[in-house]
Amino acid sequence: MTPRTRARLRPEFLATITATAAVVATMAVAAALLALGGHSPGEAFAALARGAFGTWDRFVSFTLVRATPLLLTGLAVAFAFRARVWNIGAEGQLHAGALAGVAVALVLPGAGAVLVLPVTLLAAAAAGALWASIPAAMKTGMGVGEVITTLLMNFVALFLAQFLVQGPLRESRGVFNQTDEIPAAAHLPALLPDTRLHLGFLFGVVIAVGLWLYLTRTPGGFRLRAAGASVKAAEVSGRFSVAPVIWLSFLVSGAIAGLAGWIQIAGVTHRMYEGLSPGWGYTAIAVALLARLHPLAVVVTAIVFGALSAGGGAMQREAGVPEVWVRGIEALVILAVLTADRIVQWTTHSRD
Amino acid sequence: MTVAARLDSITRRFGPVTALDKVDFELAPGEIHGLLGENGAGKTTLANILGGLLAPDAGRVEIGGQRVELRSARDARVLGVAMVHQHFSLVPRFTGFENVALFNGEAWTRRGMIAPGYRSQVEAHASELKLDAELDAPVAALGVGERQRVEILKALMSETRVLLLDEPTAVLAPQEVDGLFAVLREVAAAGTAIVLVAHKLDEVLAVADRVTVLRRGRHVLTEEAAGLSAGELAEAMVGRAVAAPSVSGVGSMGGGEGERGRPGGQTADGGGAQPSGEPDSTPVAILADVTIGAGEAPALSDVSMTVHRGEIFGIAGVDGNGQRALAAVLAGTLKPDTGAATLPDEVGWIPQDRGEEGLVKEFTITENVALALHEKPAYRRGPWLDWARIGETSAALVDELDVLARSPDTSAGTLSGGNQQKVVTGREFLRAGELLVAESPTRGLDVKATRAVRERIVQLARTGNRPPGVVLISADLDEVLELADRIAVMVRGRLIPVERDDHNAAAIGALMLSAGDGTP
Amino acid sequence: MKLYPTTALLFVALSALQACGGDSSDAGAPDAASVTATRSVALLTSGPVSDAGWHAGAYEGLRWIGDSLGFRISHQQTRTPAEFDEAFISYAEAGYGLIFGHGFEYQDAASRAAEQYPDVTFVISSGSRPSANVVPLIFHLNEATYLAGMAAAAVSRAGVLGMVGGVEIPSAKGTFVAFEAGVRAVNPDATVLETFIGNWDDVSAAKEAAAAQLRQGADVLIHNVDAASFGFFQAVREAREGGREAWAFGMNRNQNDVAPDVIVGSAVIHIPAMFLRAARAWGAGTLSDEVLYSGIAAGAVDFVLNPAREGVIPDDVLAAIDRARAEIVAGTLQVPRIEFVEGEGGAGPEDPGVQGDPLPS
């Protein structure tokens, strides 16, 4: 394309075309792979779409339910990343929150929901924050990079969870490595009647709006964005110390991730066991980055990821595509979206 | 005549802006070619095209008589074109030597080790060029001037046909400028063509063989330097008659401030403030025996100073002699290890590095202004920031400072250097009720922007009933001489007062390069 | 926020796919009516069906059901309980009448779905809570590992034996309890080591655990680590290559082919056969609401010698093993086990659930 015509095309238009091309191309690759494996691409993609959006109930009970832990962990990651705190530890904070919530729910068997729900939610948030406070202290106190510490804390949390469900928190029958079922008072009520969608999704949306207001409308949020964009400018031109901002972002991020773990139990599984999370804390990084760390956009990207995951199940059930293939296709779709996103960014900001 | 490099009818656009419009440019081997123009005139774009960083939209690039298409700086380097940027491209964690080696292929053995003899080669080359580059400290620990010496050495270690220097003298002491020019003359004598992108007209005239002036993307003139005066060049750059700032100071400013700031001259004062340099006005900041750091080389060593209302206290010195620490102490962000600092509650601080410290580039102008306002109750409504109010202040600032931006919502990173500095200056003035610390406030700015910033600083210190005191910290000695009422020199963490009789480049320059104990 | 156009694009793309999917739904997708016309059977596994063990057996059983009964079949691999619920509901809604959940972890989700879909039968391998339409399918693999223990004790020269398990769940633990009992039936003084690696698929952890037991002097090892068994066998093979005499026993499926050089024999569950029987019974309307217990007597499990390693076990021990097998079938030998079905006491060795044809060898 010559410079002249390029200058004439509106960048938004160009971006849309290129992004569409990237999506189509990646989907074509996915389709070709499916065909090579002996599966009908049309059927597979149709199953994907049906599984995620086929009916209102599928969308609500499958996609949104699957999106909920990704929404919460995605928000946790996005908030920390905004402050340039690379919290890779949402997975561990999620487990810490889950354990705390279950433990509290199990020691309050007789109490009513009015008491149990707030107390367990608080306990989960506190445990997530506590788990994040260790890397926070190491970063602010000793200058240890949080990428390593938060990541390592994940393994500590996973092994702690394993130990607890095999030992102190093991179900009273003592048979399986799982806790007892939490009392009904601790179950999160349904958000919509006759669906599996629980209140946790609403919490996620409320937290997203809250974080957005905090970041854009309050002095604290402003400081956090400034510190995230440039520590030097924050200290020299903003005249504030960055350490409290880092602490805050660690603690809030950890608390939200902690909530994610407990909400999954209170809303869906009703008990804790080994392998609670299939890596939501890590997928959350992709969710947050794709949303450009914007809390409201995280709601959208979490639903996209939830839809892919729910659609993936349908792809197995209805089109007979094996799980490993489904994971591959999911990855390709995410790749397509990221590529398109980057193209849009690139074409509309190419003036410098 | 043979040609080292030639640009033929080069056009380059950035979106709707035409940065270069059919510009011709020619370099002869062994010449020093001054490239002048205001910010945005296209001189950096031109240098970047020759350096392979930008591709032209139209036109031809020739190097050594061959038409070439440069796709990267590496392409250009292979053809012998080296570039020293205004913002240095050094790895902060590496030492000076490692940086030199990193960018020079011949430093490496096949197995990926630095060749054993390379260190002595670098040292030999450095002393040959009289470049006193610090090779063993991490670059992050060096001042801007020291980094530049590493950067130049890095560029000159390989066979170089064309050397592009973007504003190289902005941070140097006069003696060092002379030293650099001596180096450049030697390099040129060996056949390398040198492009000197600059804004100090005197210096360009002193060293350049030929001068090219760009204005708003168009070629204005190319002439032998010998036949040109600073006034003619300034007129060519701006397009109308102006007084070059380094010659006649802020004389063109309105408001009756009058002529001031000639080296050693008496300060006239039309604004009704105190005669400068006399300690009978109110002190606004007092440092008493302030020391930062310990051991052999403390950042600040027993520094005492008093800043008064309405005076401009100039601090001269080569970069990296404790100016950073002094600025931070005065601004209140760094507490003295020993000694006492009596400071106003709020201090305006124009930091040295406006891109990294003065601005958050991702932020809009308004958000950058908010950096100074977000703590103030007047700009809050309950728990919320009153963005409407902040926006008004910011819009007024943009208006008043004549910042060329579409709106206060323009991202600061897209502004030119001069406009960025206007934003920083304007914001810090909001804080400078009592004291303003200005660190190299005109570094890298063009003639017009420099003039505007200096005018604003003088105006601030001279007008109103309660003008603040200003501490001007600058490696640009001309600037200090021109603006300051009192002058002190920072050398190795010590602050040495300069007698009024010694307010001249030679005396201060000697102090700047002294050991810091008062002996030259 | 440049994100929104991109995301919107994805939604458009997905909706478009959904639209074109409308045509193909007649062809491949199970809309309820067409599926119920034939019998439809679904399987959920929590691991890959390429594990050459527990999950592979279930998938093979599903294939048998499709091939020999002509039922429509479908399989989904699930990872989290949210997916368990989703998958049960989706299959039930799509008209699948029999759904296998292959592992104890499906019990809770199956109980929930069973209330919602009373017409659908859920068969849960190693399940613990039977109800009107939830049928636990319990494999008495411990009967086979008891026989394996007898063989192992005869093979071991050191008198030290090792057991490497995955997750310490009752069904796994039970196989080890019986193995140890079998060992002691032959050599009362033997030492038996036990390690659980905490998962079913960490090949290197399984290898490490086996190597550690070998270092402690064990020379005959049995595993119950499913997909991680490749590492387990590798450790034994390397010990042999290092000049030691070491042997291994396979588990769940006949693994004699997996590592014929080191395997003496395998404790086998005939999962495919049991699945086929359950499906056949369900098709005939005779599937019990109780628990399906299945041991050696029903032909559901057995201990199989590796023909390539004939002669390793002395004849008198072989004879003793055959006698023990006969006693188990006759009900005169009670092999130790771990009970985990709620409300069931110690169920006898008889197999009340499935009465079918003897298994094909």
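Note that the structure is a prediction, hence the values are computed from the model and not measured. (Residues numbered from 1 in each chain as written. Chains lettered and ligands numbered in written order. Predicted model: local features only at pLDDT ≥ 70, side-chain atom pairs only at ≥ 80, totals over all residues. Heavy atoms only, no water.)

(A) Geometry of the overall build of chain B. Per the secondary structure count, chain B includes 17 helices and 21 strands. A buried classification covers 55% of the 520 residues belonging to chain B. A total of about 21500 Å² of accessible surface is found on chain B, and carbon and sulfur atoms cover 49% of it. (Helix = DSSP H or I, 4+ residues; strand = E, 2+ residues; numbered from the N terminus. Buried < 20%, exposed > 50% of the residue type's maximum accessible area, 1.4 Å probe, protein only. Areas by Shrake-Rupley, 256 points an atom, 1.4 Å probe, with all protein chains shown as cover.)

(B) Looking closely at the overall build of chain A. Within chain A, the regular secondary structure consists of 14 helices and zero strands. For chain A, the α and β elements follow one another from N to C terminus as α-α-α-α-α-α-α-α-α-α-α-α-α-α. The C-alpha extent of chain A, read off along each of the three principal axes, is 75 × 60 × 35 Å. Both charge centroids of chain A, one from 24 positive and one from 16 negative side chains, sit 13 Å from each other. (Lys, Arg positive; Asp, Glu negative; His and termini not counted. Charge placed at Lys NZ, Arg CZ, Asp CG, Glu CD.)

(C) Structural context of the interface of chain B and chain A. On the side of chain A, 23 residues touch chain B, which itself brings 30 residues to the contact. Summed over both sides, the interface of chain B with chain A buries roughly 2200 Å², with 61% coming from carbon and sulfur. Connecting chain B to chain A are three salt bridges. Among the ionic pairs, Arg223 of chain A bridges to Glu375 of chain B, the shortest N-O distance being 3.1 Å. Our count for the contact surface shared by chain B and chain A stands at twelve residue pairs in polar contact (both at pLDDT 80 or more). Mapped onto the side of chain B that touches chain A, the elements with two or more residues apiece are strand E15 (348–350), helix H11 (354–358), helix H12 (365–373), strand E17 (384–385) and helix H14 (417–431) of chain B. In terms of residue class, the side of chain B that touches chain A is made up of 15 nonpolar, five polar and ten charged. (Contact = heavy atoms within 4.5 Å. Buried area = accessible area lost by both parts, 1.4 Å probe. Salt bridge = Lys/Arg side-chain N within 4 Å of Asp/Glu carboxyl O. Polar contact = N/O pair within 3.5 Å; in protein donor to acceptor, adjacent residues only side chain to side chain. Nonpolar A, V, L, I, M, F, W, Y, C, P; charged D, E, K, R; others polar.)

(D) Looking closely at the interface of chain C and chain A. Tallying the contact residues gives 46 residues for chain C and 56 residues for chain A. Summing both sides of the interface, chain C and chain A together bury roughly 4500 Å²; the carbon and sulfur share of this comes to 62%. In this structure, Glu323 of chain A engages Arg79 of chain C in a salt bridge whose closest nitrogen and oxygen atoms are separated by 3.6 Å. Where chain C packs against chain A, one counts seven residue pairs in polar contact (both at pLDDT 80 or more). Here the side of chain C that touches chain A gets twelve residues from one element, more than from any other, and that element is helix H1 (residues 3–24) of chain C. Split by residue class, the side of chain C that touches chain A holds 20 nonpolar, 16 polar and ten charged.

(E) Representation of empty space enclosed by the protein within the structure. Applying the stated criterion to the full structure yields eight cavities of 30 Å³ or more. Considering the residues around the second largest cavity, the lining is formed by 13 residues, among which Gln316, Glu323 and Glu330 of chain A together with Arg79 and Glu83 of chain C are closest to the centre. If you list the elements that add at least two residues to the lining of the second largest cavity, you get helix H13 (295–319) and helix H14 (323–348) of chain A together with strand E2 (72–77) of chain C. (1 Å grid on protein atoms, 1.4 Å probe; cavity = no way out; pocket = protein on both sides within 12 Å on 5 of 7 lines; lining within 4 Å. Points joined across faces, edges and corners; volume = space filled by probe spheres on them.)

(F) The arrangement of H12 of chain B in detail. In terms of burial, H12 of chain B is a largely internal element, nine of the nine residues being buried. Within H12 of chain B, the full set of buried residues consists of Ile365, Thr366, Glu367, Asn368, Val369, Ala370, Leu371, Ala372 and Leu373 of chain B. Buried residues belonging to H12 of chain B abut helix H9 (219–229) of chain A together with H11, helix H13 (387–401) and H14 of chain B.

(G) Broad picture of the domain arrangement of chain B. In terms of domain boundaries, chain B breaks down into domain 1 (5–248), domain 2 (280–347 + 432–520) and domain 3 (361–430). Taking only C-alpha atoms into account, the centre of domain 1 of chain B sits 34 Å from that of domain 3 of chain B. (Domains from an automatic or database assignment.)

(H) Inspection of the packing of aromatic side chains at higher detail. Counting across every chain of the model gives 17 aromatic pairs over all chains. In this arrangement the basic side chain of Arg317 of chain A is found over the ring face of Tyr91 of chain C, its NZ or CZ atom lying 6.0 Å from the centre. Directly above the ring of Trp282 of chain C sits Arg39 of chain C, whose terminal nitrogen or CZ lies 4.9 Å from the centroid. (Phe/Tyr/Trp six-rings, centres within 6.5 Å; stacked < 30°, edge-to-face > 60°. Lys NZ or Arg CZ within 6 Å of the ring centre and 35° of its normal.)

(I) Expanded view of the pattern of salt bridges. This model, assessed by the stated rule, comprises 48 salt bridges over all chains. Measuring nitrogen to oxygen at the nearest pair gives 3.0 Å for the salt bridge that ties Glu428 of chain B to Arg239 of chain A. One end of the pair, Glu428 of chain B, is in helix H14; the other, Arg239 of chain A, is in the loop between helix H10 (231–236) and helix H11 (243–269), on a second chain. On the basis of relative accessible area, Glu428 of chain B is assigned to the buried category, the value being 0%. Note on Arg239 of chain A: relative accessible area 22%, which makes it partly exposed. For Glu400 of chain B, the salt bridge goes to Arg456 of chain B, with nearest N and O atoms at 3.2 Å. Placement of Glu400 of chain B in helix H13 and of Arg456 of chain B in helix H15 (residues 447–462) is noted, with a sequence separation of 56 residues between them.

(J) Region of the structure containing H11 of chain A. Residues and elements named next belong to chain A. The first and last C-alpha atoms of H11 sit 38 Å apart over 27 residues, in line with the 39 Å expected at 1.5 Å per residue. Most of H11 sits out of view: 21 of its 27 residues are buried. His270 sits one or two positions beyond H11 and adopts a positive phi of about 65°. (Expected span 1.5 Å × (residues − 1).)

(K) Seen up close, the nonpolar core. Of all hydrophobic cores here, the largest spans 139 residues; its most connected members are Trp262, Ile265 and Met272 of chain A together with Ile312, Val489 and Ile508 of chain B. Ranked by residue count, the leading element in this core is helix H4 (residues 56–82) of chain A, at 15 residues. In terms of domain composition, this core takes at least three residues from each of domain 2 (280–347 + 432–520) and domain 3 (361–430) of chain B. Setting aside anything within four residues of it in sequence, one finds Trp262 of chain A in contact with Gly97, Ala98, Gly101, Val102, Ala105, Thr120, Leu121, Ala124, Ile182 and Ala186 of chain A. In this structure, Phe71, Tyr146, Val155 and Ala267 of chain C belong to the second largest nonpolar core, which totals 61 residues. (Core = buried A, V, L, I, M, F, W, Y, C linked by side-chain atoms within 4.5 Å.)

(L) How the structure looks around unusual backbone geometry. Positive phi is not limited to glycine here, since Leu293 of chain A has a value of about 65°. With respect to the helices and strands, the residue Leu293 of chain A is situated in the loop between helix H12 (280–290) and H13. The buried category is assigned to Leu293 of chain A, whose relative accessible area is 15%. One non-glycine residue, Arg492 of chain B, lies in positive phi territory at about 45°. Summarising the element assignment, Arg492 of chain B is placed in the loop between strand E20 (486–491) and strand E21 (494–498).

(M) Inspection of the sheet that holds strand E12 (residues 300–308) of chain B at higher detail. Residue and element names in this part refer to chain B. Reading across from one edge, E12-E11-E14 is the order of the three strands in this open sheet, with antiparallel pairing throughout. Where the open sheet ends on each side, the last strands, each with one partner, are E12 and strand E14 (338–342). The mean angle between the axes of side-by-side strands here comes to 10°, regardless of whether they run parallel or antiparallel. Sheet topology places strand E11 (residues 283–292) next to E12; six bridges connect them, and they run antiparallel. Looking at the pairing, Leu287 lines up with Met305 of E12. (Pairing = 2+ DSSP bridges. Axes fitted to C-alpha atoms, helices over the stretch in contact; angles between N-to-C directions.)

(N) Just a nonpolar patch on the surface, in detail. Residue and element names in this part refer to chain A. Where nonpolar side chains cluster on the molecular surface, the patch consists of Trp86, Val147, Ile148, Leu152, Phe155, Leu158, Phe159 and Tyr282 and spans about 740 Å² of accessible area. The greatest single-element share of the nonpolar patch, amounting to six residues, is contributed by helix H7 (residues 146–166). Among the structural elements, Leu158 can be located in helix H7. (Patch = residues over 30% accessible without salt bridge, like charges linked within 9 Å, V, L, I, M, F, W, Y side chains within 5 Å.)

(O) Structural view of the environment of Arg173 of chain A. Residue position: Arg173 of chain A is located in the loop between H7 and helix H8 (199–217). Judged by its relative accessible area of 34%, Arg173 of chain A is partly exposed. Sequence-distant contacts of Arg173 of chain A, that is, excluding residues within four places in its chain, are made with Ser128, Phe340 and Glu342 of chain C.

(P) Molecular detail of the pairing of E21 of chain B. Sheet topology note: the E20 of chain B/E21 of chain B ladder contains five bridges and is antiparallel. Paired with Val489 of chain B across the strands is Ile496 of chain B, a residue of E21 of chain B.

(Q) Structural view of the packing of helix H6 (residues 141–155) of chain C against helix H11 (residues 315–330) of chain C. Residue and element names in this part refer to chain C. The interhelical angle for the contact between H6 and H11, taken along N-to-C directions, is 165°, at an axis separation of 10 Å. Relative to H11, the element H6 is oriented roughly antiparallel. Viewed along their axes, H6 and H11 form a crossing whose handedness is right-handed. Across the interface between the two elements, Glu143, Tyr146, Leu147, Met150, Ala151 and Ala154 from H6 touch Val317, Ala320, Ile321, Ala324, Arg325 and Ile328 from H11. Across the contact of H6 with H11, the residue classes tally to ten nonpolar, no polar and two charged. (Parallel < 35°, antiparallel > 145°, perpendicular 65-115°, else oblique. Left-handed = near helix turned anticlockwise from the far one by under 90°.)

(R) Inspection of the side chain of Thr301 of chain A at higher detail. With respect to the helices, strands and loops of the structure, Thr301 of chain A is situated in helix H13. Of the residues examined, Thr301 of chain A reaches a relative accessible area of 0% and is grouped as buried.

(S) Layout of the sheet that holds strand E5 (residues 66–68) of chain B. Residue and element names in this part refer to chain B. Pairing in this open sheet of four strands is antiparallel, and the strands run E2-E1-E4-E5 from one edge to the other. Unpaired on one side and paired on the other, strand E2 (17–27) and E5 mark the two borders of the sheet. The mean inter-strand angle of the sheet, taken between neighbouring strand axes irrespective of direction, is 30°. Here three bridges tie strand E4 (residues 58–63) to E5, and the two strands are oriented antiparallel to one another. In the strand pairing of E5, Glu62 is matched with Arg67.

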